[in-house]
Amino acid sequence: MRILSLVRITLLMFYRRKALWIASIPLALFALFLAYASPMSPGFSNTDGLVFTGQVLAMFTPLAYAASFSDLMTAGRRTGMDELESTSPLPMAVIRSAHVLGAWVICISSSLLFLVLIAVHQAFKGNGKAILVALAVALVILSPSMLIAMGISALLGALLPTIVARILAVLAWAWLAFYTPLLPLPTLNGGPLAVIGDPIAQGWFHTDPIYAPANGPFTVQSGVISLLWQACIILLLFTGANIASNHIKAQV
Amino acid sequence: MFISIDHLTKDFRGRPAALNDLTVDLPQGMIGLIGPNGAGKTTLMRILTGIIKPTEGKVFIDGQDLSLPANRRNLKRHLGYLPQHITPYDNLSPLGFLDYIGILKMIGNKRVRQEQAHTLLEQVGLDDVMNQPIGGLSGGMRRRVGIAQALMGDPQLLVVDEPTAGLDPEERMRFRTLLAQLGQDRTVILSTHILDDVAQTCPWVCVLRFGRNQYDGPTEGLIHEAAGHTWVTPPIAAPPDNATIINAEPTPQGTRYRIVTDTPPAGSVETAPNLEDGYMALASER
């Protein structure tokens with residue numbers, strides 16, 4: 001219950017961060033436009049369209065979060081809140097997890113709202129499972145991408161000056177999301193380790209992937225591997241950010 | 001709470017030891033922690049509050065060894081802390097922020113948290129703005145939010161670092177009174193450069209210098225360090241040599257100095273020392 005109470009307060013904090021909304025809503029709207037206007041788009045009228053929209057949102061909105069969360073673990077050092085939170089009987093890892101969860105809820109809310117609106121429209125047109133699909137897409141495609149972008153940003157922010165971390169985090173996400181396997185440099189796209197949901201979209205929802213798979217179509221197992229891989233990455237990124245932040249705090 | 005600090009050393013990489021084999025016993029009640037910048041006061045408070053660990057040595061609070069995680073966790077349930085520099089989350093209201101601190105202090109019942117928060121915000125004079133975002137409050141008001149949060153959970157050990165910095169005189173006196181009341185039945189460690197605050201509220205004082213204990217004992221004892229050495233000079237043109245100047249009062253005939261020295265200028269009048277005199281007398285002994 002305590003973590004829920006902490007998440008609730010964190011929600012309030014991030015809800016009132018105007019910069020987050022200013023960065024994320026235009027990107028979400030841009031992603032929606034692309035999801036509709038792209039030659040690859042299946043449109044907004046079927047389940048494929050929902051999954052594709054979720055993927056495009058998963059590619060674009062994390063740019064805002066990569067730029068916004070460089071101070072997720074370090075802002076408290078500047079404001080003294082880190083010191084105060086360190087005197088709580090609750091472990092810092094729990095407090096920071098609550099902060100991440102609260103931030104995640106706020107981050108996903110605008111994209112989720114758009115997905116649900118499309119799903120409700122589809123539901124009225126007779127697609128009975130549209131809302132469930134929208135929620136599933138938000139959970140297994142959008143959320144991991146957002147959390148990875150936030151994690152990269154938080155880790156870099158714990159290690160580097162904030163402005164440098166912001167730039168590098170955006171570049172890192174751009175590489176993860178937009179670097180096509182057709183170019184002669186390494187990329188995760190087209191493989192089971194892609195972080196924009198291709199293995200899950202094709203393996204679980206049977207839609208066309210954004211980047212063509214390098215070794216045949218993605219299967220259900222590819223989706224499972226992809227989700228586990230992303231969960232590990234998220235855990236590693238936030239644990240790393242937490243450790244780096246604690247280490248630096250102990251030196252100050 | 002009785003605090004026993006045993007041969008405490010804290011090294012930060014590449015810097016002189018912040019605490020250097022510090023040994024001191026602190027009784028229950030109000031304790032003033034004073035010393036020049038860099039003396040190790042903040043480091044000591046961060047160790048006492050469990051934020052950082054010492055390089056060597058131990059701290060016992062009521063006999064509980066703080067090097068053990070279970071004891072540290074237990075202490076934190078009874079601890080209130082006001083860091084020197086704190087900017088509460090400016091998106092929250094004072095009420096929301098105190099609620100957050102209540103959760104951190106593991107006060108499970110929301111009604112209890114809200115009641116405590118209301119009471120404390122009234123005590124620090126923020127009842128009119130308790131629902132406004134902290135970001136819109138003045139510096140002094142934010143400081144008072146910081147003070148109120150330190151008192152959430154009715155802590156048995158209160159550690160406050162420069163609590164009155166940034167407060168107007170009226171608020172300073174109000175907070176000093178509040179601290180003195182709190183110090184009647186708990187331990188309050190007050191670190192400050194404002195010696196008047198210590199003189200008014202703390203019966204016990206600890207002076208740190210270069211990470212070492214230079215004095216610990218009754219505040220009267222520190223004042224007594226300057227007994228027989230505190231003088232007020234007649235108006236003179238230049239400050240006296242071989243004397244620690246406590247203050248200077250301009251007059252039409254020249255400047256009248258309050259000094260601590262063994263060799264006062266001719267015409268000086270011995271005067272009763274205060275805490276500033278005692279502190280400066282101790283500093284000049286080193």
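Located above this text is the structure these notes cover.
These numbers come from a predicted model, not from an experiment. (Residues numbered from 1 in each chain as written. Chains lettered and ligands numbered in written order. Predicted model: local features only at pLDDT ≥ 70, side-chain atom pairs only at ≥ 80, totals over all residues. Heavy atoms only, no water.)

A. Examining the interface of chain A and chain B more closely. In this assembly, 27 residues from chain A lie in contact with 32 residues from chain B. Summing both partners gives a buried area of about 2,700 Å² for chain A against chain B, and 61% of it is carried by carbon and sulfur. Of all residues in chain A, E83, L84 and P89 of chain A give up the largest surface area on contact with chain B, accounting jointly for 23% of the area buried on that side. At the boundary of chain A with chain B, the tally comes to 2 salt bridges. For the salt bridge of R8 of chain A with D99 of chain B, the shortest nitrogen-to-oxygen distance reads 3.2 Å. Summed over the shared surface of chain A and chain B, the number is 11 residue pairs in polar contact (both at pLDDT 80 or more). Elements with a minimum of two residues in the side of chain A that touches chain B: α1 (2-15), α5 (81-86), α6 (92-124) and α10 (220-251) of chain A. Among the elements that make up the side of chain A that touches chain B, the one with the highest residue count is α1 of chain A (7 residues). Here the residues of the side of chain A that touches chain B sort into 11 nonpolar, 9 polar and 7 charged. (Contact = heavy atoms within 4.5 Å. Buried area = accessible area lost by both parts, 1.4 Å probe. Salt bridge = Lys/Arg side-chain N within 4 Å of Asp/Glu carboxyl O. Polar contact = N/O pair within 3.5 Å; in protein donor to acceptor, adjacent residues only side chain to side chain. Helix = DSSP H or I, 4+ residues; strand = E, 2+ residues; numbered from the N terminus. Nonpolar A, V, L, I, M, F, W, Y, C, P; charged D, E, K, R; others polar.)

B. Examining the packing of helix α3 (residues 47-68) of chain A against α6 of chain A more closely. Residues and elements named next belong to chain A. For the pair α3 and α6, the least separation of the axes is 10 Å and the interaxial angle reads 165 degrees. Classified by the angle between their axes, α3 and α6 sit roughly antiparallel to one another. Crossing angle aside, the handedness with which α3 passes α6 is right-handed. Where α3 abuts α6, its residues T47, L50, T53, G54, L57, T61 and Y65 lie against C107, S110, S111, L115, I118, A119 and Q122. Grouping the constituent residues of the contact of α3 with α6 by class yields 7 nonpolar, 7 polar and no charged. (Axes fitted to C-alpha atoms, helices over the stretch in contact; angles between N-to-C directions. Parallel < 35°, antiparallel > 145°, perpendicular 65-115°, else oblique. Left-handed = near helix turned anticlockwise from the far one by under 90°.)

C. A look at the side chain of S268 of chain B. Residues and elements named next belong to chain B. By the element assignment, S268 lies in the loop between β13 (254-260) and β14 (269-270). Overall, the relative accessible area of 15% leaves S268 in the buried class. The contact partners of S268, leaving out residues within four places of it in the chain, are W231, V232, T233 and P234. (Buried < 20%, exposed > 50% of the residue type's maximum accessible area, 1.4 Å probe, protein only.)

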